[in-house]
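Coordinate inspection notes
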Amino acid sequence: MRRTLISRLSLVTLGAFLAASGAKAQTTQMELEVGYRWANVTGNEDMYRSQINERSGFLIRSFTLSTNDPNGATGGFLDRFRVDVTDLGFGVAPAGAARIDMGKTGVYRLTLGYRETNQYSALPGFANPLLAQGVIPGQHTIDRTRKMFDANLELLPGKMITPIVGYSWNQNKGPGQTTYFLGQDEFRMNQDLKETEQEVRVGLGFNFGQVVYGQVLQGWRQFKGTDTTSLVPGAGAGNNAGPVLDQTVVSATSMNQTGITNVNTPFTNVNVTAAISKRFKITGSYIQFNATQDGMSGESDAGSFTSFKLDRFFSGLSQSVSANAGNKTWQGAGRAELGIVEGVDLFGGFQREHRVQSGTSLIDTIYLQSLTFGGMDKKDLEVLLNTQNSLDRTSDVWNTGVSVRSVGPLAFRGEYRETSDHTLMTPDLSEIVVGSTGGQGGPVDRMVRTIDGNVTFSMSGFMAMVAYRRDSASAPVFRTDFIDRDRYRGRVGYGTPGNEIRVGFQVEETNQSNDYTATAFSAKNRQYTGDLEIAPVPELRLRGSLSQFQTNSTVIYRIPQNLTLDNSLNVEKGDAYEGGLSLNLAPITFDMALGRFENRGTNAFNIERYRMNLGWDIVKTAGIVAEWARDKYREATPSLGDFDATRFGLYFRWRP
Amino acid sequence: MRPLATGGLALLLFFGLSPGTAGAAPAGADKTVPSCSDCHDQAKAFVSNAHARGKTSQGEVPNKVCTPCHGDGTLHIDAGGDREKIMKPVGRCGAETCLDCHDQTKGCKSGHSSKHANSEAVNCLTCHSIHSSELKAPNLLARKQLDLCGSCHASQAALFRNKPYGHRIGRGGMECSTCHEPHQSTNAGCEITRQTRTGEIVCVSCHAEKKGPFVFPHGAGSVGNCMTCHEPHASNNAHRLKRATVYQLCMECHSPITGGTLGSQPPSFHNLLTARYQNCTTCHTAIHGSNRSPQLVR
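Because the structure is predicted, anything quoted here is derived from the model rather than measured. (Residues numbered from 1 in each chain as written. Chains lettered and ligands numbered in written order. Predicted model: local features only at pLDDT ≥ 70, side-chain atom pairs only at ≥ 80, totals over all residues.)

**Looking at the overall build of chain A**
Which entries qualify depends on this criterion: Helix numbers and strand numbers start at the N terminus; a helix is a DSSP run of H or I with at least 4 residues, a strand a run of E with at least 2. Our exposure labels follow a C-beta count within 10 Å of each residue's own C-beta, placed from the backbone: buried means 20 or more other C-beta atoms, exposed means 12 or fewer, and partly exposed covers the counts in between. With C-beta atoms placed from the backbone, a contact is any residue pair whose C-beta atoms sit within 7 Å.
A count of helices and strands for chain A gives two helices and 26 strands. Burial status across chain A gives 36% buried among its 656 residues. Put simply, of all contacts in chain A between residues at least 6 apart along the chain, 60% involve residues at least 24 apart.

What follows is the structure, given as structure tokens:
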């Protein structure tokens, strides 16, 4: 926390230092907003954090510094420097970022990026068998932070040869709760997760007189993950309150698991463009990677459990797993663009991707003091499972199309594409539950033919666009895959030359179906949106939008408990209203927005959102900003997730 | 360590940005040719513009920075600033000027065959404001990304603002262009979304732990992709799922009616009237893939 505080304040201090000391020598623009946000939540705070998660505390709301050397590239180590910071708080903001872009023209360019997101989820109705008893939240919760850092250094940008070096780091870390199924019961487990991926890459960009140009990149990626879980204190009774085989035997006294995963992935990424003439270009690309995973895990449980698979009771379990998995993929493509006359281009190409996934796992499980259901043979029982499975997939795409970019006010684009997938799966016997074919192994083939086109008309501020896409598939891979899919999209809009009025209306509809007798899948999605912006005077801008949406999907499924057939229906239906205004009466600015979103479908709820932002530049270089936000979330039933959250923020703004 | 690094960076910047000794002659030294900035404040402001990098001198923008887009302004100057005698790039034709240098046929990028190909309705100047970009808008974007993209893709933009479970666009460094390449072609294997450097779906560039490889991968991920179960933008359902309840999502595939489709085997035989079985992931916790459980229960 202290290090975070120091490093973030250092960033701001750096900006201030630069602005103060360098302003005479450089062209510098800077804006800083820093302050405090108060958050007040009534109702279900876990649900609020799962959706919005803005909390009380200090916050660098935004910081931008852009400076460059007005003497061009005549001296010094760099001639430009830009830093952008948004929403970096000390546990306050759910997502924040910082980015630095610096360089010296023709010598180097260095970009540094940092992002962090807090991922919080503690929902009442998710993984919660006790919801009916009013116990919330559910049994799967997380409070994790993902941090990502990325650095790229490009040397001699714009020259014939451009060396490139890069590094990325991505860490996902934090506690949570999960469940573990053992012995005909599920037990709540505390989980501690730490997953880190690092990537190093080196390469060369090249550009030979704008005729042949591209990039060759070689990278190495390494992933390390540790996952530790242990029984939540007091959760040994599990979820299953009922007896098993007329005996109340399912309970746990201790459960501990540790898993370690390492993945190494070298990769190569090459793309080359040959501009044979200004109107004829050919591009080729090739990517390959070879990911190999080594995984180890161990487990130790004690209690009283039942296994239907073994027809036995047992009092503990000890398991060790040694696993290896791989993913070897290559992807090659060739594409061409030919301008036949000014504004008319033909394009087409072919891509093949081939992937081989394989996995082996040696699982050694000892069931301690196992007892038959008849009460015989109290002994340890060791089960060894050596699994091996694989997947081999080839995907081909070829396409051809035309882009007519201007025939007077009209533009047109049309494309035909065929995508074919051939997958051969060889699952391990341990995976096969019923039968040896029919969804768990063997070949799966699917080809999709696509026609895609759009026409736009644009004249004197008026714009109209119509787009249509049709996909026809040879066969489904999953039951909810379409055989036929049609997408329509239209938009009309008008804007006055000075943007005093801007109005638009948009229609989108997607229909997809799979009329296989045993599936009867169909889904329809419609959305209509109208938006209007009016600026009656330059200082005032009013805006509003209204949209309606409806999604219906249905597919036949078999009800597991009675094996009869029924339709699985999912409906989303509702409206969204939004409105707002922006007022700029320098030195005072005011923004206001309000919106209401209602879903009357399967998961019915409504949300009301209110936002206000008031800025006052007290002097030319400094001012204050006040923000107010309120979100009201209401579920139709049950109402355990409802919340009403208000935030108020006060920030100091500095623009030296 | 970080404060030290930051302090070092500050020193580097202080000395690095100091003006060099080998300065070129001021742009306005030769007063026989008037400077664009004599009349146009926009030209003065251009000193901090990316297009002027390495070409400015002592804070002034030489005319050679303006001429690539506006042409030789001699007639314009001789006519006392006649607006008809200077080139002003607007619309599709104006944007062709941009493509003289920024022709992006590289990998999957293309200025000519993408869905945002340079047309009258959508062209470079629709999204990029060459002169008057705000301080907060990098890449000379005319507006914030969500507003900009939302001016045509209004329905998609509204999803992020309205739905309860969505990616936080506009905050924390996540923008539409994090997942979508606006200049992307759909030519032969190129999708409307970006790929990772290894050619994988863009989702795993952040959600790295989901890509495996696993000994027992979930078919929905290894043969389908993330969108088999999740809404990419925003959803009305928890964890951005496509269905309101978990079991409904699972059962629509794992339903033993006929073979031939992935997921129809293994079927589910659990009693969905029991609360314990209404959330499949309570037991099948390793839903994205597992090294030790074919049924993804651990």
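**Some words on the overall build of chain B**
Broken down by element type, chain B carries eleven helices and four strands. Here chain B, with 298 residues, has 44% of them falling under the buried criterion. Across chain B, the fraction of contacts at a sequence separation of at least 24, relative to all contacts at a separation of at least 6, is 44%.

**Considerations on the domain arrangement of chain B**
Rule in force here: Domain limits in this description derive from either an automatic procedure or a database domain assignment.
Split by domain assignment, chain B resolves into domain 1 (32-88), domain 2 (91-179) and domain 3 (209-290). Each of domain 1 of chain B and domain 2 of chain B has a C-alpha centre, and these two points are 27 Å apart.

**Considering the environment of Glu252(B)**
Relative to the assigned elements, Glu252(B) resides in helix 11 (residues 246-253). Sequence-wise, Glu252(B) and Ile192(B) are 60 residues apart; in three dimensions their C-alpha atoms are separated by 27 Å. Those residues in contact with Glu252(B) that sit more than four places away from it in its chain are Arg479(A), Thr480(A), Val555(A), Tyr557(A) and Ser568(A).

**So, the interface of chain A and chain B**
Where we set the bar: Note on residue categories: nonpolar means Ala, Val, Leu, Ile, Met, Phe, Trp, Tyr, Cys or Pro, charged means Asp, Glu, Lys or Arg, and polar means any other residue, Gly included.
Residue-level contacts link 167 residues of chain A with 116 residues of chain B. A breakdown of the residues in the side of chain A that touches chain B according to their chemical character gives 57 nonpolar, 81 polar and 29 charged.

**Some points on the pairing of strand 22 (residues 565-585) of chain A**
Every regular strand shows the same layout, with side chains that alternate between the two sheet faces. Residues and elements named next belong to chain A. Applied cut-off: Note on pairing: two strands pair once DSSP finds at least 2 bridges between them.
Inspection of the sheet shows strand 21 (residues 540-558) paired to strand 22 by 19 bridges, in the antiparallel sense. For Gln550, the partnering residue across the bridge sits in strand 22 and is Lys573. Looking at chain direction, strand 22 and strand 23 (residues 588-599) are connected through twelve bridges and run antiparallel. Bridged to Leu585 within strand 23 is Ile588. In this structure, the hairpin formed by strand 22 and strand 23 is closed by a connection of two residues.

**A few points about unusual backbone geometry**
Note on backbone geometry: most residues besides glycine have negative phi, and most peptide bonds are trans. Residue and element names in this part refer to chain A. In this structure, the amide linkage connecting Ile136 to the following residue, Pro137, adopts the cis form with an omega of -5°. Tracing the sequence through the fold places Pro137 in the loop between strand 5 (108-121) and strand 6 (141-155). For the bond running from Ala586 to Pro587, omega is 15°, close enough to zero to count as cis. By the secondary structure assignment, Pro587 is in the loop between strand 22 and strand 23. Positive phi is not limited to glycine here, since Gln184 has a value of about 65°. Tracing the chain through its elements places Gln184 in the loop between strand 7 (161-182) and strand 8 (185-208).

**Quick word on helix 8 (residues 154-162) of chain B**
Among the nine residues of helix 8 of chain B, eight are classified as buried, and the element is accordingly described as predominantly covered. Of the residues making up helix 8 of chain B, those classed as buried are Ala154(B), Ser155(B), Gln156(B), Ala157(B), Ala158(B), Leu159(B), Arg161(B) and Asn162(B).

**Here we look at the pairing of strand 4 (residues 95-104) of chain A**
Residue and element names in this part refer to chain A. Counting buried residues along strand 4, seven of its ten residues qualify, which places the element largely inside the surrounding structure. Relative to strand 4, strand 3 (residues 80-89) runs antiparallel, the two sharing seven bridges. Opposite Arg80, over in strand 4, you have Gly103 as the bridge partner. Between strand 3 and strand 4, which pair antiparallel in sequence order, lie five residues; one of them, Gly91, sits at a positive phi of approximately 80°. Taken together, the ten bridges between strand 4 and strand 5 define a ladder with antiparallel strand orientation. Bridge pairing in strand 5 links Ala98 to Tyr114. Taking the residues that link successive antiparallel strands as the turn, the strand 4-strand 5 hairpin has three residues, and the phi of Gly106 there is positive, at about 80°.

**Some details on the confidence of the model for chain A**
Counted only if it meets this: Each residue gets a pLDDT score, which is the predictor's confidence in that residue and runs from 0 to 100.
For chain A, the mean per-residue pLDDT works out to 90, and 93% of the residues sit at or above 70. Segment residues 19-24 of chain A is flagged for pLDDT under 50; beyond a separation of four residues in sequence, or across chains, it makes ten contacts in the model.

**Description of the environment of Leu217(A)**
Looking at the element boundaries, Leu217(A) is found in strand 9 (residues 212-231). The spatial distance from the C-alpha of Leu217(A) to the C-alpha of Gly623(A) is 47 Å, given a sequence separation of 406 residues. Those residues in contact with Leu217(A) that sit more than four places away from it in its chain are Ile164(A), Arg201(A), Gly203(A), Asn269(A) and Arg197(B).

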